[in-house]
Amino acid sequence: MKLFSIRIIICFFCIFSFINKAGSEDFVSYYKIEVGGVDIGTLRWDLLLKQNYYETSIFLENKGLLSGLYKYKGKYFSKGQIINEQLVSTQYQQLWETKKKRKEIKIEFKNSKINNFSSLPKEIEGPRVNFKKLVKLGDPLSSFLNILISTF
């Protein structure tokens with residue numbers, strides 16, 4: 001896992017060193033997910049950068065010997081604007097599937113606040129925090145990329 005983290009950091013260091021260049025850049029990275037040397041899945045990370053706009057998505061899928069025991073698939077998508085070299089979310093979607101469960105989340109942002117939120121299946125318990133009053137919010141993918149940007 002440590003090697004996986006190092007590869008991501010190096011990859012995004014290279015990507016964001018070009019963030020100020022005009023035009024559009026499209027990056028795709030593939031990773032093998034291992035635990036203790038056992039192959040358990042694959043990850044594909046796509047990133048599209050334009051002058052003032054970005055889209056990023058992650059696709060996860062089970063693979064290897066443990067696929068028969070635990071099947072999973074995940075898709076994560078985010079898009080937004082690039083403002084002052086920061087990624088500002090406008091939309092986030094997440095879909096997670098296993099043999100027994102399927103979970104879908106959609107969030108729309110406006111002025112760094114949650115404008116609309118939906119979750120399927122519906123949550124039985126209501127939110128413990130009034131998330132519509134929170135400010136300076138972003139989705140998980142954009143937030144992670146902003147951390148990488150700020151460290152370089």
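Residues numbered from 1 in each chain as written. Predicted model: local features only at pLDDT ≥ 70, side-chain atom pairs only at ≥ 80, totals over all residues. Heavy atoms only, no water.

Asks: What exactly am I supposed to notice about the overall build of the protein chain here?
Replies: Tallying secondary structure elements over the protein chain gives two helices and seven strands in all. Secondary structure of the protein chain in N-to-C order comes out as α-β-β-β-β-β-β-β-α. Burial statistics for the protein chain: of 152 residues in total, 32% are counted as buried. For the protein chain, restricting intrachain contacts to residue pairs at least 6 apart in sequence, the fraction spanning at least 24 positions comes to 40%. As displayed, the protein chain offers around 10,200 Å² of accessible surface, 57% of which is attributable to carbon and sulfur atoms. (Helix = DSSP H or I, 4+ residues; strand = E, 2+ residues; numbered from the N terminus. Buried < 20%, exposed > 50% of the residue type's maximum accessible area, 1.4 Å probe, protein only. Contact = heavy atoms within 4.5 Å. Areas by Shrake-Rupley, 256 points an atom, 1.4 Å probe, with all protein chains shown as cover.)

Asks: In this structure, what is going on with the environment of lysine 50? I would like to understand it.
Replies: As for its position among the elements, lysine 50 is in the loop between β2 (38–49) and β3 (53–62). Along the sequence, lysine 50 and aspartate 26 sit 24 residues apart, while their C-alpha atoms lie 8.7 Å from each other.

Asks: Quick question: what am I supposed to make of the sheet that holds strand β7 (residues 113–120) here?
Replies: The pairing of strands in a sheet comes from backbone hydrogen bonds and takes either a parallel or an antiparallel form. Spatially, seven strands are ordered β1-β2-β3-β4-β5-β6-β7 in an open sheet, and the strand pairing comes out antiparallel. A strand with exactly one partner marks an edge of an open sheet, and here the two such strands are β1 (25–35) and β7. Neighbouring strand axes in the sheet, compared pairwise and without regard to direction, differ in orientation by 10° on average. As judged from the eleven bridges shared by β1 and β2, these two strands associate in the antiparallel manner. (Pairing = 2+ DSSP bridges. Axes fitted to C-alpha atoms, helices over the stretch in contact; angles between N-to-C directions.)

Asks: Which parts of the structure should I look at to understand the pattern of salt bridges?
Replies: A side chain of one charge can pair with a side chain of the opposite charge when the charged atoms of the two come close. What the rule picks out here adds up to seven salt bridges. The closest approach of N and O atoms between arginine 102 and glutamate 104, which form a salt bridge, is 3.5 Å. Of the charged contacts in the structure, one is a salt bridge between glutamate 125 and arginine 128, with a shortest N-O distance of 2.7 Å. A relative accessible area of 73% means that arginine 128 is categorised as exposed. (Salt bridge = Lys/Arg side-chain N within 4 Å of Asp/Glu carboxyl O.)

Asks: Would you explain helix α2 (residues 140–151) in this entry?
Replies: An α-helical segment advances 3.6 residues per turn. Residues three or four places apart therefore align on the same side. Helix length check: α2, at twelve residues, gives a terminal C-alpha distance of 17 Å against a target of 16 Å (1.5 Å per residue), a fit within 8%. Regarding α2, the residues found buried are Leu141, Ser142, Leu145, Asn146, Leu148 and Ile149. Projection of α2 onto a plane perpendicular to its axis shows the buried side chains occupying an angular sector of 160°, all on one side. Turned more than 90 degrees from where α2 packs its buried face, Pro140, Ile147, Ser150 and Thr151 sit exposed. N-cap assignment for α2: the residue whose side-chain oxygen lies 2.9 Å from the backbone N of leucine 141 is aspartate 139. (Expected span 1.5 Å × (residues − 1). Arc of directions from axis to C-beta. Polar contact = N/O pair within 3.5 Å; in protein donor to acceptor, adjacent residues only side chain to side chain.)

Asks: It is not clear to me how the layout of surface pockets should be interpreted in this structure. Could you clarify?
Replies: What the largest pocket holds in volume is close to 280 Å³. Along its surface, the largest pocket is lined by Ile107, Ile114, Phe117, Ser118, Ser119, Lys122, Glu123, Glu125, Gly126, Pro127 and Phe131. Of the residues that constitute the lining of the largest pocket, the class distribution is five nonpolar, three polar and three charged. (1 Å grid on protein atoms, 1.4 Å probe; cavity = no way out; pocket = protein on both sides within 12 Å on 5 of 7 lines; lining within 4 Å. Points joined across faces, edges and corners; volume = space filled by probe spheres on them. Nonpolar A, V, L, I, M, F, W, Y, C, P; charged D, E, K, R; others polar.)

Asks: It is not clear to me how the environment of serine 112 should be interpreted in this structure. Could you clarify?
Replies: Along the chain, serine 112 falls in the loop between β6 (102–110) and β7. Contacts of serine 112, omitting those with residues within four sequence positions, involve Val88, Leu134, Val135, Lys136 and Leu137.

Asks: Honestly, the pairing of strand β4 (residues 72–83) in this entry has me stumped. Any pointers?
Replies: Sheet faces and side chains relate simply in a regular strand, where the side chains alternate between the two faces. Note: β3 against β4, nine bridges, orientation antiparallel. Residue glutamate 61 lies in a different strand from β4, and its bridge partner there is lysine 73. Where β4 and strand β5 (residues 86–98) come together, twelve bridges link them in antiparallel fashion. Looking at β5, one finds that phenylalanine 77 is bridged to glutamine 93. Taking the residues between adjacent antiparallel strands as the criterion, β4 and β5 are bridged by two residues, where asparagine 84 takes a positive phi near 50°.

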